[in-house]
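Here is what each chain is made of, one letter per residue.
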Protein chains: 2
Amino acid sequence: MGLELAPVSLAAIQRPVDRELEAVFSELKRIIASDLPNIAEVNRHLLRMRGKMFRPTLLLLAARSSGGIQPADITLAAVVELVHLATLIHDDSVDHSVLRRGQPTINALFSHQVAVIMGDYLYSRAIIELVELDDPEPLRVMARATNEMTVGEMRALMAYDVLDYSEEDYEALIRSKTASLMSAACEIGSLRAPVEQRERLRRYGLYLGMAFQITDDLLDYVGSQSVTGKPTGLDLKEHKMTLPLIAALPRMSSEERALVERLMADADPSAELIASVVAAVEARGGIAAARARAEELARQAEAELEGLPPSPYRDALRDCLIYAIERRS
Amino acid sequence: MGLELAPVSLAAIQRPVDRELEAVFSELKRIIASDLPNIAEVNRHLLRMRGKMFRPTLLLLAARSSGGIQPADITLAAVVELVHLATLIHDDSVDHSVLRRGQPTINALFSHQVAVIMGDYLYSRAIIELVELDDPEPLRVMARATNEMTVGEMRALMAYDVLDYSEEDYEALIRSKTASLMSAACEIGSLRAPVEQRERLRRYGLYLGMAFQITDDLLDYVGSQSVTGKPTGLDLKEHKMTLPLIAALPRMSSEERALVERLMADADPSAELIASVVAAVEARGGIAAARARAEELARQAEAELEGLPPSPYRDALRDCLIYAIERRS
């Protein structure tokens with residue numbers, strides 16, 4: 001299938017909605033603006049580290065492929081990015097991360113307090129904007145998605161140190177943590193479309209989001225081209241169970257399993273120990289299995305798109321699938 | 001005026017809405033319920049440390065004094081308590097507090113991560129319930145109030161170590177941090193009443209909330225009866241500017257001012273230093289001034305109530321003012 005084509009850049013995918021994405025960024029700026037000096041200071045930093053706007057892109061492409069983009073969609077796309085941003089800020093704070101997108105995190109640059117409060121500020125600003133749109137549907141979808149994301153975060157806390165963490169547990173986790181917001185973005189973009197199309201785009205977003213997260217978790221085992229090309233093994237270092245390890249475990253020898261157990265029992269596992277577990281995961285097909293699952297989900301997402309009328313926007317949504325499973329960062 | 005009467009107990013104030021408060025508590029339990037074991041575990045703890053339900057009480061009394069309590073009011077009262085709870089959890093996490101209402105905080109009992117995520121979970125559950133009520137008005141009021149509370153938290157971060165923190169800064173802080181939610185509770189309870197009455201109850205809640213917070217800040221200087229009766233001086237220990245100190249500072253001698261400066265320069269001020277600043281604040285009328293301001297606000301709130309039709313519920317709202325400024329914990 002087409003998904004085996006050469007990687008596409010996000011910039012190319014975004015071209016059909018370039019102008020709208022600029023409007024989304026301005027809208028985001030308007031929404032988070034505050035007279036309070038310390039909020040304004042954090043805002044300047046947030047706007048400087050402007051993200052890839054992948055979720056607004058999904059919303060706008062979904063809107064385009066189901067009729068057209070209305071002014072409210074610009075606000076909705078900004079709200080989706082805002083909720084994503086609020087989640088990242090709380091995640092970084094919870095994980096004590098110091099870098100995000102190559103920039104210092106809010107907790108690192110300001111403080112843990114500022115990060116918790118700013119996440120709450122941005123999320124409650126997003127709700128105000130949704131309420132002002134006077135349309136209960138996107139509000140309903142976003143309220144459910146954001147709650148689902150918090151459930152995902154709680155699921156994530158249970159994914160440490162548990163060798164019997166199942167593939168079902170993992171799929172429930174990535175569905176709620178990552179796929180729920182991408183699915184909501186696609187659904188909100190298609191709220192004016194017939195219900196069948198709306199459901200297709202909702203499911204497309206769900207499968208896309210799951211494939212996206214599996215690919216993210218794979219990068220930990222296969223390395224990203226951006227720096228050294230070597231696997232970072234960060235998830236293993238933190239004892240976090242993700243699909244490559246979950247898939248490889250049942251096929252491991254007792255010696256390999258003992259390695260994994262030693263790693264999980266070690267609060268600060270050595271680079272050598274991590275490297276040998278990465279090697280065992282690779283040798284027992286964990287990486288291949290995770291990659292296959294991501295591709296399977298991308299194909300399911302692609303099948304949903306086939307039910308939509310052909311258009312350059314539908315093509316761009318298809319390219320989003322390639323981007324999701326081929327990206328290296 | 002009647003506000004000078006003997007203290008009233010919260011239990012007595014709650015008597016006219018006792019049955020409804022039980023229903024609110026059940027509704028709260030229903031709203032936060034989750035199949036996820038770790039969320040359910042935190043929920044059990046939250047329900048065990050059931051709070052005073054002061055905000056639901058305000059909402060129910062406001063509803064009663066402006067017509068009657070509808071089924072949706074029970075859900076709305078639960079949502080107000082839920083938002084309050086979510087805020088407390090994030091506050092405790094941000095402040096690294098270990099005790100709340102004599103019970104261990106969520107961050108102390110579980111972890112900082114769990115506290116941040118559970119606050120987000122509860123808040124997003126509250127939004128879902130509001131959306132399901134299919135009435136944009138309470139949603140609008142709550143969205144604004146919760147955003148205002150986060151602004152208040154950011155203002156609070158600026159209230160440390162600043163000797164020129166003004167009374168205006170302080171009033172803006174307590175208005176957004178504390179009064180906004182109490183005001184929202186009163187406004188939401190009266191949404192079906194004529195606009196004049198709704199506005200009166202909104203303002204009543206605002207003045208009440210400010211008086212409530214000033215009283216809270218006073219307890220730090222005058223001591224609470226509950227334990228030793230001695231001032232805790234905790235705000236001073238943390239270099240936090242509140243009304244007693246702000247009001248006393250301009251009347252202090254240069255020696256007394258030097259004491260305050262020494263305290264602010266000391267990361268861990270001694271009990272003796274704190275006690276001498278408390279004494280200076282008392283001697284320079286800071287405590288009397290803060291108490292007078294709380295009473296003035298309570299009188300303003302009382303004046304708003306005089307515009308409502310007389311009823312036992314209006315009387316209970318009046319008693320809430322006495323409770324707010326006379327309480328010792």
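Preceding this section is the structure that the text describes.
Below is a short write-up of the structure.

Criteria and cut-off values
Positions within a chain are numbered from 1, following the residues in the order the chain's sequence is written. Each chain is given a letter, starting from A, and each ligand a number, starting from 1, according to the order in which they appear as written. Restriction of local features to residues with pLDDT of at least 70 applies here, the model being predicted, together with a cutoff of 80 or more for giving and counting side-chain atom pairs; totals for whole chains, interfaces and linings are based on all residues. Values reported for side chains reflect all heavy atoms of the structure, with hydrogen atoms and water molecules removed beforehand. What we call a nonpolar core is a set of buried Ala, Val, Leu, Ile, Met, Phe, Trp, Tyr and Cys residues that are connected through their side-chain atoms within 4.5 Å. Note on exposure labels: buried denotes an accessible area under 20% of the residue type's maximum, exposed denotes more than 50%, and partly exposed covers the range between, all computed with a 1.4 Å probe on protein chains only. By definition in these notes, contact holds between two residues if any of their heavy atoms fall within 4.5 Å. Every case where a carboxyl oxygen of Asp or Glu lies within 4 Å of a side-chain nitrogen of Lys or Arg is listed as a salt bridge. A run of H or I in DSSP counts as a helix once it spans at least four residues, and a run of E counts as a strand once it spans at least two, with each numbered from the N terminus. Counting of polar contacts relies on pairs of N or O atoms within 3.5 Å, with two restrictions inside protein: one atom must be capable of donating a hydrogen and the other of accepting it, and residues adjacent in sequence are counted only when both atoms are side-chain atoms. Residues are grouped as follows: nonpolar covers Ala, Val, Leu, Ile, Met, Phe, Trp, Tyr, Cys and Pro; charged covers Asp, Glu, Lys and Arg; every other residue, Gly included, is treated as polar. Only rings of Phe, Tyr and Trp enter the pairing, Trp through its six-membered ring, and a pair is recorded when the two centres are within 6.5 Å. The plane angle decides the type: under 30 degrees is stacked, over 60 is edge-to-face, the rest tilted. Charge over a ring is defined by NZ of Lys or CZ of Arg lying within 6 Å of the ring centre and within 35 degrees of the ring normal.

1. Some details on the nonpolar core
Part 1 of the argument: Within the largest apolar cluster, 225 residues are counted, with the highest numbers of intra-cluster contacts made by Leu58(A), Tyr204(A), Leu245(A), Leu58(B), Tyr204(B) and Leu245(B).
Part 2 of the argument: Those residues in contact with Leu58(A) that sit more than four places away from it in its chain are Met182(A), Ala185(A), Cys186(A), Tyr204(A), Leu208(A), Leu317(A) and Cys320(A).

2. What to know about the pattern of salt bridges
Part 1 of the argument: Scanning the entire structure with this criterion turns up 52 salt bridges over all chains.
Part 2 of the argument: Across the pair Glu256(A) and Arg284(A) runs a salt bridge, and its minimum N-O distance is 2.7 Å. With a gap of 28 residues between them, Glu256(A) in helix H13 (residues 254-265) and Arg284(A) in the loop between helix H14 (271-283) and helix H15 (286-305) connect regions that are remote in the sequence.
Part 3 of the argument: By relative accessible area, which is 31% here, Arg284(A) ends up partly exposed.
Part 4 of the argument: Of the charged contacts, one joins Asp268(B) and Lys237(B) as a salt bridge, the two residues approaching to 3.2 Å between their closest N and O atoms. Within this pair, whereas Asp268(B) is found in the loop between helix H13 (254-265) and helix H14 (271-283), its partner Lys237(B) is found in helix H11 (residues 234-237), the two being separated by 31 residues in sequence.
Part 5 of the argument: Among the charged side chains, a network of salt bridges with common partners joins Glu132(A), Asp134(A), Glu137(B), Arg140(B), Arg144(B), Glu187(B) and Arg198(B).

3. Here's the deal with the interface of chain B and chain A
Part 1 of the argument: On the side of chain A, 38 residues touch chain B, which itself brings 38 residues to the contact.
Part 2 of the argument: The partner of Arg140(B) in a salt bridge is Glu132(A), and the shortest N-O contact between them spans 3.5 Å.
Part 3 of the argument: Our enumeration of links across chain B and chain A arrives at 12 residue pairs in polar contact (both at pLDDT 80 or more).
Part 4 of the argument: Residue assignment for the side of chain B that touches chain A shows that the elements contributing at least two residues are helix H3 (37-48), helix H5 (71-95), helix H7 (112-132) and helix H8 (136-157) of chain B.
Part 5 of the argument: Among the elements that make up the side of chain B that touches chain A, the one with the highest residue count is H7(B) (15 residues).
Part 6 of the argument: Per-class residue counts for the side of chain B that touches chain A are 20 nonpolar, nine polar and nine charged.

4. So, the packing of aromatic side chains
Part 1 of the argument: The final tally for this structure, using the stated rule, is five aromatic pairs over all chains.
Part 2 of the argument: Measuring from ring centre to ring centre gives 5.5 Å for Tyr123(A) and Tyr123(B), while their planes differ by 85°; the resulting arrangement is edge-to-face. You can see Tyr123(A) sitting in helix H7 (residues 112-132) and its partner Tyr123(B) sitting in helix H7, one on each of two chains.
Part 3 of the argument: Residue Tyr123(B) is classed as buried on the basis of its relative accessible area, which comes to 10%.
Part 4 of the argument: Ring centres 5.2 Å apart and planes at 50° place the aromatic pair Phe54(B) and Tyr323(B) in the tilted group. Note that Phe54(B) is positioned in helix H4 (residues 54-64) and Tyr323(B) in helix H16 (residues 312-326), a separation of 269 residues in sequence. You'll find Phe54(B) and Tyr323(B) in the same group, each marked buried.
Part 5 of the argument: Taken together, Phe54(A), Phe212(A) and Tyr323(A) form an aromatic cluster joined through their ring pairs.
Part 6 of the argument: The ring centre of Phe25(A) lies 4.1 Å from the NZ or CZ of Arg50(A), which sits over that ring.
Part 7 of the argument: Between the NZ or CZ atom of Arg55(A) and the centre of the ring of Phe212(A), over which it lies, the distance is 6.0 Å.

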